[in-house]
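The lines below spell out each chain.
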Amino acid sequence: MQRYRVGILAGAAVVALGGGGLILAGLDDDGGAGGGIGLPSALRFGEPSPSASPSPTGPSPEELAKAERAKREKALTTALKKLTATSPEFSVAVQDKKTGETYAYRGDEHYDTASIVKAQVLACMLLKDQDAGRDPSASEMALAKPMIQLSDNDATTSLFSRIGGKAAVTKCNKRLGLTDTVVNSSWGLTRTTADDQIKLLSELVDTGGPLDADSRKTAFKLMNTVDAAQDWGVPAVARSGETFTVKNGWDTRSADGGLWAINTIGRVTGGDDVDVSVAVLSHNNKSMESGKALVEKVAKLTRQYLKY
C-alpha cells in the first residue's frame, strides 16, 4: 500500500617634475597658485575626496524566507479558525524535518489518544528490547504487527501489559520527550496533545534520538504497511512518488454522548524535498466517517498553505 506518491582617486593629480623642482612649489599658503593657477578642491593635498553614498541593501534571503513563512502560517491559521467555526473541535501540529520549522494550531490542547497510542506502545517496546541488548522477540512482533497494521486492540492490551503497563510507558515517555501525555491503564484513554505527538513522530526517525537504527526501521516498516482499510488521515496528503507512515485512532465514549474521537498521526516523505510529520486530533465528531473527513481536510490545509 506504499504510495509512490525542494571615484577617480583624488590623488591622481599629475605632478610634473622638471628642472629638479615641482611645478606646484608656487602654491601660496591658502593652496592657490601664485600665478593665478589653482587646483580643484578635490585635488588639493590633505583634503579628503568625497566618498560615494552606500548602495541601499534589501532584506537577506533568510529574512525574506522568514517573512514568507510567517505569511503562510498566518493564512493557515485564518483558514483553520474559519473551519473551527463550523466543525467539531480539532488541533493540528506539523514539523518540517528539513527546515526544523514547526507549526501548531491549538497544539497544547488535550485529547484522548484512542489507538494512536499504539505507536507510543511500539516505541516503548523497542526501547525495552534495546535496553536488554536484544532484538524484539518473535512473540513480541506477533503482537506488534497486528497492533499497528490492523489496530488490533487485544494485541495492544497484551503488549501494553507485557512491557510494564502504565508505569513503564509513563517512564518511557520521558525518554521520548512526551512531557504532556498522561498514560491511562485503559490505554485508549491516555491523554495527549498534537505537540507531543509531533515529538513522538520525530523520535521515530531521529538518528540522534533514543531509538537505534534497527528500531527506527521496524517502526517505519510497520507504520508504512497498515491495512488498506486504514489508509486514511495523513496518507491523504501524500502525492504520487511520496511515501507515508500512519497510525490512526478512533473511538466513541458515553461521556461524550457517543460522539467520535478521530485522530491521525504520521509522516510524509519524498526525495530531497519533503520530510514532514503531521498530527491531527479531534473529538465530538458525529460519525467516524465525518471525523475522518475532518482530519483529512485539516491535514490537506496544512500542505496547501505551508507548501511542503
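Residues numbered from 1 in each chain as written. Predicted model: local features only at pLDDT ≥ 70, side-chain atom pairs only at ≥ 80, totals over all residues. Heavy atoms only, no water.

As recorded by an unreviewed UniProt entry, the protein carries the name Beta-lactamase class A catalytic domain-containing protein and is attributed to Actinoplanes siamensis.

## A word on the overall build of the protein
Scanning the protein from N- to C-terminus turns up eight helices and nine strands. Per-residue burial for the protein yields a buried fraction of 41% across its 308 residues. Total accessible area on the protein stands at roughly 16000 Å², and carbon and sulfur atoms take up 53% of it. (Helix = DSSP H or I, 4+ residues; strand = E, 2+ residues; numbered from the N terminus. Buried < 20%, exposed > 50% of the residue type's maximum accessible area, 1.4 Å probe, protein only. Areas by Shrake-Rupley, 256 points an atom, 1.4 Å probe, with all protein chains shown as cover.)

## Here's the deal with the packing of aromatic side chains
The tally for this structure, following the rule as stated, stands at two aromatic pairs. Seen in terms of ring centroids, Phe 90 and Tyr 105 are 5.7 Å apart; in terms of plane orientation they differ by 35°. Their pairing is tilted. Within this pair, whereas Phe 90 is found in strand E3 (residues 90–96), its partner Tyr 105 is found in strand E4 (residues 102–105), the two being separated by 15 residues in sequence. (Phe/Tyr/Trp six-rings, centres within 6.5 Å; stacked < 30°, edge-to-face > 60°.)

## A closer look at the nonpolar core
Membership of the largest hydrophobic core comes to 67 residues, with the highest contact counts inside it found for Leu 80, Leu 122, Met 125, Leu 159, Leu 176, Val 278 and Val 298. No other element matches the nine residues that helix H2 (residues 117–131) contributes to this core. Every residue in contact with Leu 80, bar those within four places of it in the chain, is listed here: Phe 90, Val 92, Tyr 103, Tyr 105, Val 298 and Leu 301. (Core = buried A, V, L, I, M, F, W, Y, C linked by side-chain atoms within 4.5 Å. Contact = heavy atoms within 4.5 Å.)

## Topic: the packing of H2 against helix H3 (residues 138–149)
Between H2 and H3, whose axes approach to 10 Å, the crossing angle comes to 160°. One way to sum up the angle between H2 and H3 is to call them roughly antiparallel. Once H2 is placed against H3, the crossing between them reads as left-handed. Across from Lys 118, Ala 119, Val 121, Leu 122, Met 125 and Asp 129 in H2, the residues of H3 making contact are Glu 140, Met 141, Ala 144, Met 147 and Ile 148. Of the residues in the contact of H2 with H3, the class split is eight nonpolar, no polar and three charged. (Axes fitted to C-alpha atoms, helices over the stretch in contact; angles between N-to-C directions. Parallel < 35°, antiparallel > 145°, perpendicular 65-115°, else oblique. Left-handed = near helix turned anticlockwise from the far one by under 90°. Nonpolar A, V, L, I, M, F, W, Y, C, P; charged D, E, K, R; others polar.)

## What to know about the packing of H2 against helix H5 (residues 165–176)
Any two packed helices are characterised by how steeply their axes cross, that is the angle between the axes, and by the distance between the axes. With their axes 10 Å apart at the nearest point, H2 and H5 run at an angle of 85° to one another. Comparing the axis directions of H2 and H5 gives the class roughly perpendicular. From H2, Gln 120, Ala 123, Cys 124, Leu 127 and Asp 131 reach across to H5, where they touch Val 169, Cys 172, Asn 173, Arg 175 and Leu 176.

## Regarding the sheet that holds strand E7 (residues 243–252)
In a beta sheet, neighbouring strands pair by backbone hydrogen bonds and run either parallel or antiparallel. Strand order across the open sheet formed by five strands is E4-E3-E9-E8-E7, with antiparallel pairing between neighbours. The sheet is open, and its two edges are formed by E4 and E7, each paired on a single side. Across the sheet, the mean angle from the axis of one strand to that of its neighbour is 5°, orientation sign disregarded. As judged from the 10 bridges shared by E7 and strand E8 (residues 260–270), these two strands associate in the antiparallel manner. When the sheet's bridge partners are listed, Gly 249 is paired in E8 with Asn 263. Its contacts with the sheet place helix H1 (residues 61–84) against E3 and E4, and it is angled at close to 25° to E4. (Pairing = 2+ DSSP bridges.)

## A few points about helix H4 (residues 153–162)
Along H4, the residues that are buried comprise Ala 155, Thr 156, Leu 159 and Phe 160. Within H4, the buried residues cover an arc of 130° as seen down the axis, which keeps them to one side. Exposed side of H4, more than 90 degrees from the buried face: Asp 154 and Ser 161 are the residues found there. Its buried side turned inward, H4 meets H2, H3 and H5. Two or three places before Asp 154, at the opening of H4, Asp 152 has a side-chain oxygen 3.1 Å from that residue's backbone nitrogen. One or two positions beyond H4, positive phi appears at Gly 164, with a value near 120°. (Arc of directions from axis to C-beta. Polar contact = N/O pair within 3.5 Å; in protein donor to acceptor, adjacent residues only side chain to side chain.)

## Examining the pairing of E4
Only one face of E4 is buried: it carries Tyr 103 and Tyr 105, and the other face, with Thr 102 and Ala 104, is open. Two elements, E3 and E4, share four bridges in a ladder whose sense is antiparallel. Paired with Gln 95 across the strands is Thr 102, a residue of E4. Between E3 and E4, which pair antiparallel one after the other, the connecting turn spans five residues, and Gly 100 there sits at a positive phi close to 80°.

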